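Notes for the structure review
Residue strings, one per chain:
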Amino acid sequence: LGSRGERALAFAECLLDPTHYDINIAEPVLDAKNDDEVDKGPYRFIGHSPETANWPFKSMVFVGLYALIDPPRPGIAEAIARWWNKDIK
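These numbers come from a predicted model, not from an experiment.

Thoughts on the overall build of the chain
- Regarding its fold elements, the chain presents 2 helices and 4 strands.
- In the chain, the succession of α and β elements from N to C terminus is β-α-β-β-β-α.
- Put simply, the chain has 89 residues, and 10% of those count as buried.
- Summed over its atoms, the accessible surface of the chain is roughly 7,900 Å², and 58% of this surface lies on carbon and sulfur atoms.

Written out as structure tokens, the structure is:
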């Protein structure tokens, strides 16, 4: 699929305990950009793999599949060939 520019994304859901993962409770949090306090939920989801995530990766339920067409742009094949030949400057 990838060589033809076709992509597929799978979606899943995992119901979380709101007493531990509640993002709706307003709590002042320091904004790193300008050192101002802003109201945000206290729980921040961090990580993208079972080893680094601070939320469970188990008990996920498949909810759907999304497909799209994203054809390769002109010149991409040549750029990839140069990369494989290590001729990129």
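So, the packing of aromatic side chains
- Under the counting rule described, the total for this entry stands at 2 aromatic pairs.
- Here Trp-55 and Phe-57 contribute two aromatic rings whose centre-to-centre distance is 4.6 Å and whose plane-to-plane angle is 20°, an arrangement assigned as stacked.
- For the ring pair Trp-83 and Trp-84, a centre distance of 4.9 Å and an interplane angle of 75° mean the geometry is edge-to-face.
- For Trp-83, a relative accessible area of 49% corresponds to the partly exposed category.

As for the environment of Gly-5
- Looking at where Gly-5 falls in the secondary structure, it is placed in the segment before strand S1 (6–13).
- Along the primary structure Gly-5 and Arg-73 are separated by 68 residues, whereas in three dimensions their C-alpha atoms are 9.3 Å apart.
- Setting aside residues up to four positions removed in sequence, Gly-5 forms contacts with Leu-68, Ile-69, Asp-70, Pro-71 and Pro-72.

Calculation notes
Within each chain, residue numbers correspond to sequence positions counted from 1 in written order. Thresholds applied to this predicted model are a pLDDT of at least 70 for local features of residues and 80 or more for the giving and counting of side-chain atom pairs; totals over whole chains, interfaces and linings are not thresholded and use all residues. The basis for the side-chain values is all heavy atoms of the structure; hydrogens and waters are excluded. In DSSP terms, a helix is any run of H or I states spanning at least four residues, a strand is any run of E spanning at least two, and both are numbered starting from the N terminus. Only protein chains enter the accessibility calculation, which uses a 1.4 Å probe; a residue is then buried when its area is under 20% of its type maximum, exposed when over 50%, and partly exposed in between. The protein chains shown are the only cover counted for residues, whose accessible areas, like all others here, come from Shrake-Rupley with a 1.4 Å probe. Paired rings are identified among Phe, Tyr and Trp, the last through its six-membered ring, by centres lying within 6.5 Å, and are further divided according to the angle between planes into stacked (under 30 degrees), edge-to-face (over 60) and tilted (the rest). Any two residues whose heavy atoms approach within 4.5 Å at even a single point are treated as in contact.

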